[in-house]
Structures are given as C-alpha cells and as structure tokens.
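Residues per chain are reported as follows:
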Amino acid sequence: MKAIELEKAYNPRAFEDRIYALWKESGAFKPESSSGAKTAFTIVIPPPNVTGVLHLGHALNNSLQDIIIRFHRMRGEKTLWLPGTDHAGIATQNVVEKRLRAKGIDRRDLGREKFVEETWKVKEEHHAIISRQLARIGASVDWDRERFTLDEGLSRAVREVFVSLHERDLLYRGNYLVNWCSGCGTALSDDEVDHEDTPGKMYHLRYPLVGENAFIELATTRPETMLGDTAVAVHPDDERYRSLVGKRALLPLCNREIPVIADAYVDRGFGTGVVKITPAHDPNDWEVAKRHGLEAIKVLGPDGRLNDTVPAKYRGMTVAEGREAVLADLAAGGCFIREEEITHAVGHCYRCHTVIEPCLSEQWFVRMKPLAEKALAAWRSGGVIFYPRRWENTYRHWLENIRDWCVSRQLWWGHRIPAWTCADCGRLSVSRSDLASCPHCGSARVEQDPDVLDTWFSSWLWPFTTLGWENEKCAAADYQNFYPTTALVTAYDIIFFWVARMIMAGMEFTGKAPFRDVYIHGLIRDKKGRKMSKSLGNGLDPLELVDEFGSDALKFTLAFMCAQGQDLLVDRESFRLGSKFANKLWNAARYILMNLEGRALVREPALLPVDRWIASRLNGAAKTIGDAFLSYRYNDAALASYEFFWNDFCDFYVEATKLSLKGGDEAEKDRAATVLLAALEKALALLHPLLPFVTEEIFAKIREARAEDSAAGTAFREDARGYSGLLINAPYPRYDEAAHDEKGERDFAFLRELVSAVRTLRSECMVAPEKKLRAAVKTDGEEAEEKARFIGENAGLVKLLAGLDSVTAGAATRGEASGADAAWAEYSGGAIGLTGHGWEARVYLGGAVDIPSFRAKCEKNLERDRKFIASLEAKLANPDFLKNAPAGLVEAEKQKLSEAKERTGKIAAYIREMR
C-alpha cells in the first residue's frame, strides 16, 4: 500500500468548501440517504430573520443542531433538518424604511404595493447571505426542502389558522389597551416589550375639589397623560379619604370634572394613597375603568404625539414636549407640588428601543387560555421534555398566567389579515379566500383590514406548516413521515415568543405536540459576562472565526463550552481550543498515513493486548458520547471525544504502536498498520459530528488509498445500510458490551499511571529527552503478582513510553527477594520514589541528572515557595482583604496557596529521596 499524503499543515480553507459541495451534491443531507431506516429524527431550524447576517448566537444554535443531526444520521435514522427563514415583519420593515429614508423617500409616498416589492428585494438579498453563512459553518440541512414564512404554502396555512380560530371563537377584534410603539408605528404583544430599570421622576400634583377650597394630592410618573384622566381613585378602606369618595375633582388645564372613586386596586402605601385614572393609557387604569364605567380618553396618536382630544395648546407635541409644557402650566396654576428622583421599570420596543406607550386601540387578539391548557397537558403527560428540566417551571408559570395575544400589527410587510368590512352594511367578514363582495348584503364595497399579522403568528405554525400542512386534512408526504418532529434546539430568550406558542398551535391544529425534546441552550456572552452587541464593540463575526480557525474549530469550541443551563463566555482566543484539537487530529492522521508506505493490509489481523485496550476504550467512548448526545449534553460529548482521542488514542496508543511499526518484522508491521488504520477510521467516525470537515477529508484520503488496494476493504464494509463511501453516512460506533475489556482497561490504567508518573518526574527534573532512566517497581494488593507480570510482559512498551533503559517489577512480598528487590536496593542512592494505586517505584536519576546541583536547586525553590506560602497565608488571614477584595480574587489566591503547598510537598519529597 502507498503512503497517503496529507498536507504538512492543517489548513481547513483548503478543503471545507469542497467537502460541503460534495456532501450537498451527493444528497447526503436528505433523509432519503438513509435507505431502509425505520425511525425518523427531525428538526426544523429556528428560522433566522431576513434582516441581516447571522451572529455568533446563530452560529451556536445551528452548530448544536448540526452536531445532533449528524449523530442521528450516522445512527441510521431517517434524518431531516429542514431550513428556512422568517419574514420578520417589524425588523424587516424597519430596514427597508431606513434605506428609503436615506434616499429621501417616505414609504407612504411610495405606496403599499411598491413598498412590499422593495421589501422582497431586501429579503432575497439577505436570504442569499444567510444561506452562504449556513454553508460555511457546515449546516447539513436539506436545502431542497427550504421554506419561508411568506411562501405560498405557509401563507395558505396562516390564513386557514386565522379563520379557524375565528370560527372557534378563539380570535376576536376589539378596542383594548395595547403596547404601542410609535417608532415602529404598531401595536406589540406583551412579550415584545423589554422592561428596563430607568432613571425617572415622580411628580406630585394636586387637583382642586369641586365646590370646596381644598385639593387632593397625587403622584405620577407621566404627567402629560393627565389630559386623559377620567377619575381619581383611593382605597375603600383608607380612612384619610373615605369622606372624599363620591365627590368630584376639577382636572387642571382641562377644566373637566372627574369623580373621586374607591377601588381596591389602589396601594395605600404608594405616594399619597391617591392615583389618577387614565383608562386609555394604563393597563391597571383600564381595568378600573371597566369596573366603574369610566370613559376612556385617548390623548396620544399613532405617531406618539398628543392628539386633538387635548387642549389646543398641546396638540402635536411629543410626549417629552407635552410633559414639559404640562408641568410648566401646572406650576403656574399652583397645581405642581414637587418632583423626586426615582428609578422605575420602563417598557421599550424590543426592536427599535422606543419607549412603549400603553394606548387604547382596535386590534385583533387570540384567546390564549384554552390553548394554554392543552399545551400544559402535553407537558404534564410527558409529551414534551425540556433539557435542562428547570425550564419547565418557566414554561408552566407563563402558561398558567397567560394573557390574550395581540396579533395585529400596523405594518405593510407580512401576512395581511383576511378580514373585510362592508362599507354599506358595516358587517365584518373573515374568509379563507379574498372577498370581492360582502357575503351578507352582496355589496362590492368591501375593504380588507390594512393590518398584518404578528411575525410570530406564522412562526408558531412553523413545525407543521413547513412539512406541508395547510389544513387539518393534510396528507402531504413530509407531514405524514416527519411530523411530529423530534427536537427543538433554541435559546432561552424566546421560550415565551415561540416555544410555548408552537406547542399550543401544534396541540390545537394537529392534536400533537410539535416536538418531543426541547433543548434550551444559553446565550453567548463576552468574558465579562456581557451580551455581545455593536454598541459594546464586543461582538464576534462567526465567518471571521471560520476564516481564522476553520468551521470545525468553531463548532467544537462552542459544543465544548455549552454546558446545560449556562451561558457561554467567549472571546476570540477561546476558539484556539477547537483549532488545536483539529490540528492534533490532522497531525496524528498524517503520521499514521505516512507509515502505510509498503505495508500490506491484513484481512483479519491478530490483536495485541494494547489493541484490545484501544478497542475497549473506543467502545466506552462511543457509549459516553452517544449517551451525552441523546440527552443534549454537548459539553460532555465534546470532553469525552477530546479525552479519548488526545489522551487514549494519540498520547498512548499511537505511541505504543511504534514498538511494532519501528521494531517489528515485516509481518508485524503489516499487522500493526492494519489495526492502527482501522482504529483511526473508527475514531474519525466517533469525532465526525463534532469535527465533520476534517474527519471527512482524512477519511476521503483513506478511502482513495483503500480503493487502490483490493485487499484493503473498509472499516465499514459490513454496514447493511448501503454505505455510500462518505463518512457523513457511515455508521456511528455503537457500544458493544462484548467488546468491553474490563481487565484490560484496569491493567492499562495501572500501566499508564506508572508511565505518566515517570514522564512527570522527567519533566520536573528537566531530564533531556535522549537520556534514559532506570526504574524498579513494586506492586501490592490483591493483584500484585498479576500487575508485576503485566509490567514484565509489556516492559518494552513501558520503556518506550517512559523513556527508560530498564524496568524491573515484582510483587512486594515478605519471602524470597525478586529482581525488583535487587534493583530497589541498588537504586537507594540517587533515586526518587514514586507511588500510585497498588504500586511504588524508584526511578534512578544517576547519569541523567547532576544530583547535587539538582538537590541544591530544589532546596532553593523550596525556600522560595515557603516564603510565597507565608505571604499568601498572611494575606488570606487579613480580615480587610477578605472583606474588600472581589470574591473571584479571594478564590484565586486560595487556589494559588493550594497549588504552592502541593508543589512544596513534592519538592520536599524529592530532597528526602536524594539524601
């Protein structure tokens, strides 16, 4: 067999694009590639918004999905990862309006139809960017099944759901208080409002009592809304104001009489115990007004300016301008008392950050309580499982306290509400098809509702509409084959927006939860724990990271750091972890493949103990990694992959095979090369979900070489699934209890501990690599004889790996002396003792180290470290340091102390041994 050449340096840029094109063109991403599979594993991608480029949070989310999809695909399941994008109503419209404003164009001048045309152009532009980005990070999605929330099929499904909800009395239109964003010019649902603690002021005012020379004092944070007051309220049990209930106050600046009412909503301990009631601009006041039959006066228009219901002086003013003018006029009229600085929670638009104004408006709402009950039942019955489980409490709490959902938006980009009003009879009609005439009176003067539906109204249908569902009689093949889907992978910040709503929609319209598993991952933050943002300048572009480190490095690092229930704290340097691991894989493979020159691969090679050991370790790693993937413990899977390949495979097994590859006869070299190559292939399959590009590239080189050697076969030739030759479709290693070699693993764990201890000693004593040492080992315990015999049988391996000239071993007995006893006595001077589980050793340094000089250096280091320990102990005993220093610094100093004590203990032991 010829040697297989890999480039000397790992350079992912040289092959990642080529490999992705190969996967895509071969149909490897399609579920049909798993022929004969009985089970399906399906994920529908959380659709990114067509408003920009993917950020590192998207890279995390899609990397985690890709890892789990690749794992299940290799397990032989019919695997579908369905891609798509979201039209993102408010966000996309904002992008287009901003572009138009830069050209001096207002969307109203352009008109609805032309504006929507411009928006489609932006959608296509950003969709192309997003698709390229997903390909660059290796997303193995089925591109032929890609969907968009505004495509024809999904649009029909959205209309079907809207009409069905209306028919079931689960959707209604009416005048209610909503969250109004004047920046976006639309209503928002409660979940689209971000509440932030903001510095503000509490203004103390007084309203004159009608017919009396007296005032009633109250406090408010929004004095401009007093122009819409229709009452003042006190608590019915507040003795201070009981005599005022039923009287009337004169509203300053408006000269309008309003009643003094009693309502238990009022907090007697807040301010003066008197509150102004502005039903059209405060949700609590709105509820009070309904109980007392109060008028609701709307004083703010859609543009956020004071409207024609207020005195002429204030009309057209912004909220800030109106507040300033109202306060000045109140002060001039003697109705302003004082102001005080406060911090209070203020709602902001989640998109444009404009302060939200509660405002009375006619909107469409979905009745959520009946839907929530079904979603709760699905979870309680075990039909939906959260990973980690603690998010179930968040899910339950939100559903048990749910409010009706405002689904109409005053936008042009989105699903137009399928409702028409007749200009002649005034009747409202909701229809699955466009209406040309009124179904009630026949008039042709019907006008469609100008509003569109909330973006989330199409997103909550995503798991089943993307698979072809358009109504409850759906017979689409994909819907029948892949619904319900298996898993949802998403961040915790959209549990309310999306996750719970999808479960509600799935239960209502399909009778099934749309997915079984809900894996909630953390958010990407910088090393200081801050969210990444443009304003902070701490964002990381995933494509720049791919360019610098490679897609595999990005994916592996994110998985390695993704512990369940925790945010990820990263910076650019973090991704060197994945890069170093991929580089280790490349270099190990390069070494193995170079040593195939002239080798004849053996059909059924005999296995040495070390070969059976690595097979058992790989078998165990397959179980650990597989179990971790099945429970979405990505970091555990990544850690197990890293430890197996770096520590077991590279640092021990590959080194161990050098005995055969460099010192054996030709037949032994052929045997060793055959086993080593097969082990590498299995290791590549094990690592593929986490490092797909580099494993596929190496595997392709092996496949080419095997193809030239008719006797070589393949490590996967027995696969019954019709293995395609690509690693992406190769079978994933499965745990086989029969392959578990418990005794072999125990024996080699003992041997590795011994080798590791000697290597550490060499490093600490600065023994040159070419210098060989001698060691004597005594074993004890129940298996003392076996352990000593195992060292003897593998003496060549121990000498090779530990850098020894000789090693003798014997059980620690009281009887006849062994060869180890003789060596033990011989090494009593100039040797250092080592101990481990069931063994102790003396390693002779004479000839490799200048003992007197080394002892003098150790004594000097011991003195230095003892002084360091004393200073640390003094610092940690100082109450002022413990009180004032950050907790992290205190913990770091304690860690330094622990390490220094461990180090001095070891140095002191060396000195004793050398004496």
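Higher on the page you've got the structure.
Structure report, in brief. What you are looking at is a predicted structure, and each value in this text was computed from that prediction instead of being measured. Position numbers for residues count from 1 along each chain, tracking the sequence in the order it is written. Only residues with pLDDT of at least 70 are given local features in this predicted model, and only at 80 or more are side-chain atom pairs given and counted; all residues enter the totals for whole chains, interfaces and linings. With hydrogens and water stripped out, all remaining heavy atoms of the structure feed into the side-chain values.

1. Notes on the packing of aromatic side chains
Pairing of aromatic side chains here covers Phe, Tyr and the six-membered ring of Trp, requires ring centres within 6.5 Å, and sorts the geometry by plane angle: under 30 degrees stacked, over 60 edge-to-face, intermediate tilted. For the coordinates displayed, the defined rule picks out 45 aromatic pairs. Plain terms: the ring middles of phenylalanine 386 and tyrosine 395 are 5.1 Å apart, the flat faces sit at 50 degrees to each other, and that makes the pair tilted. What makes phenylalanine 386 buried here is its relative accessible area of 0%. With centroids separated by 6.5 Å and ring planes inclined at 20 degrees, the aromatic side chains of phenylalanine 581 and tryptophan 646 adopt a geometry described as stacked. In this pair, phenylalanine 581 is assigned in helix H17 (residues 576-594) and tryptophan 646 in helix H19 (residues 634-656), connecting sequence segments 65 residues apart. Remark: exposure states derive from per-residue accessible area (1.4 Å probe, protein chains only) relative to the maximum for the residue type, with buried under 20%, exposed over 50%, and partly exposed in between. Per the convention used, a helix needs a DSSP run of H or I reaching at least four residues, while a strand needs a run of E reaching at least two, with both numbered from the N terminus.

2. Some words on the environment of methionine 1
Note that methionine 1 resides in the segment before helix H1 (16-26). Residues methionine 1 and arginine 599, spaced 598 residues apart in sequence, show a C-alpha to C-alpha distance of 5.2 Å.

3. Here's the deal with the nonpolar core
Within the largest apolar cluster, 207 residues are counted, with the highest numbers of intra-cluster contacts made by Phe457, Met504 and Phe649. Sequence-distant contacts of phenylalanine 649, that is, excluding residues within four places in its chain, are made with Ile592, Ile614, Phe644, Val654, Leu676, Ala679 and Leu680. Here, the term nonpolar core denotes a set of buried Ala, Val, Leu, Ile, Met, Phe, Trp, Tyr and Cys residues that are joined through side-chain atoms within 4.5 Å. Leu227, Val232, Leu251 and Cys254 belong to the second largest nonpolar core, which has 31 residues in total. Only heavy atoms enter the contact rule, under which two residues are in contact if any of them lie within 4.5 Å.

4. Observations regarding the packing of helix H9 (residues 369-380) against helix H10 (residues 391-400)
Packing of H9 against H10 brings their axes to within 9 Å, and their N-to-C directions diverge by 155 degrees. Classed by the angle they form, the pair H9 and H10 counts as roughly antiparallel. Where H9 crosses over H10, the two elements pack in a sense that is left-handed. The residues of H10 that touch H9, namely those facing Lys369, Ala372, Ala375, Leu376, Trp379 and Arg380, are Glu392, Tyr395, Arg396, Leu399 and Glu400. Residues are grouped as follows: Ala, Val, Leu, Ile, Met, Phe, Trp, Tyr, Cys and Pro are nonpolar; Asp, Glu, Lys and Arg are charged; every other residue, Gly included, is polar. Residue classes in the contact of H9 with H10 are distributed as 6 nonpolar, no polar and 5 charged. What counts as an axis is a line fitted to C-alpha atoms, over the stretch in contact for a helix, and the angles between N-to-C directions run from 0 to 180 degrees. Note that the term roughly parallel is reserved for angles under 35 degrees, roughly antiparallel for angles over 145, roughly perpendicular for angles of 65 to 115, and oblique for everything else. Each crossing gets its handedness from the near helix: less than a right angle anticlockwise from the far helix is left-handed, clockwise is right-handed.

5. Let's talk about the side chain of threonine 486
For threonine 486, the position within the fold is in the loop between helix H13 (477-482) and strand S22 (487-491). For threonine 486, a relative accessible area of 9% puts it in the buried group.

6. Points about the environment of histidine 344
Mapped onto the elements, histidine 344 comes out in strand S13 (residues 336-349). For the pair histidine 344 and lysine 201, spaced 143 residues apart in sequence, the C-alpha separation works out to 8.8 Å. Excluding residues within four positions of it along the chain, histidine 344 makes contact with Glu196, Asp197, Thr198, Gly200 and Thr221.

7. Let's talk about the pattern of salt bridges
One side-chain nitrogen of Lys or Arg within 4 Å of one carboxyl oxygen of Asp or Glu is enough to make a salt bridge. Across all of its chains, the model carries 74 salt bridges by this definition. Across the salt bridge formed by arginine 168 and glutamate 508, the nearest N and O atoms sit 2.7 Å from each other. Of this pair, arginine 168 sits in the loop between helix H6 (152-167) and strand S5 (171-181) while glutamate 508 is found in helix H14 (residues 495-509), placing the two residues 340 residues apart along the sequence. Judged by its relative accessible area of 32%, arginine 168 is partly exposed. Residue glutamate 508 is classed as buried on the basis of its relative accessible area of 11%. For arginine 530, the salt bridge is made with aspartate 526, and the minimal N-O distance between the two is 2.8 Å. We classify aspartate 526 as buried; its relative accessible area is 7%. A network of salt bridges, in which partner residues are shared, links Lys30, Glu32, Asp142, Asp144, Arg145 and Asp478.

8. A look at the packing of helix H18 (residues 609-630) against H19
Between H18 and H19, whose axes approach to 8 Å, the crossing angle comes to 170 degrees. Our classification of the angle between H18 and H19 gives roughly antiparallel. Residues Val610, Asp611, Trp613, Ile614, Arg617, Leu618, Ala621, Thr624, Ile625, Ala628 and Phe629 of H18 touch H19, and the partners they reach there are Tyr634, Asp636, Ala637, Ala640, Ser641, Phe644, Asp648, Phe649, Phe652, Tyr653 and Ala656. For the contact of H18 with H19, the class distribution of residues is 16 nonpolar, 2 polar and 4 charged.

9. A short note on H1
For H1, the complete set of buried residues consists of Glu16, Ile19, Tyr20 and Trp23. Taken down its axis, H1 places every buried residue within 100 degrees of arc, on the same side. In H1, the exposed residues that point more than 90 degrees away from the buried face are Asp17 and Glu25. Backbone geometry just downstream of H1 places glycine 27 in the positive-phi region, at approximately 80 degrees. Along the arc lie the directions from the helix axis toward the C-beta atoms.

In short, shape yes, function no, at least from these values alone.
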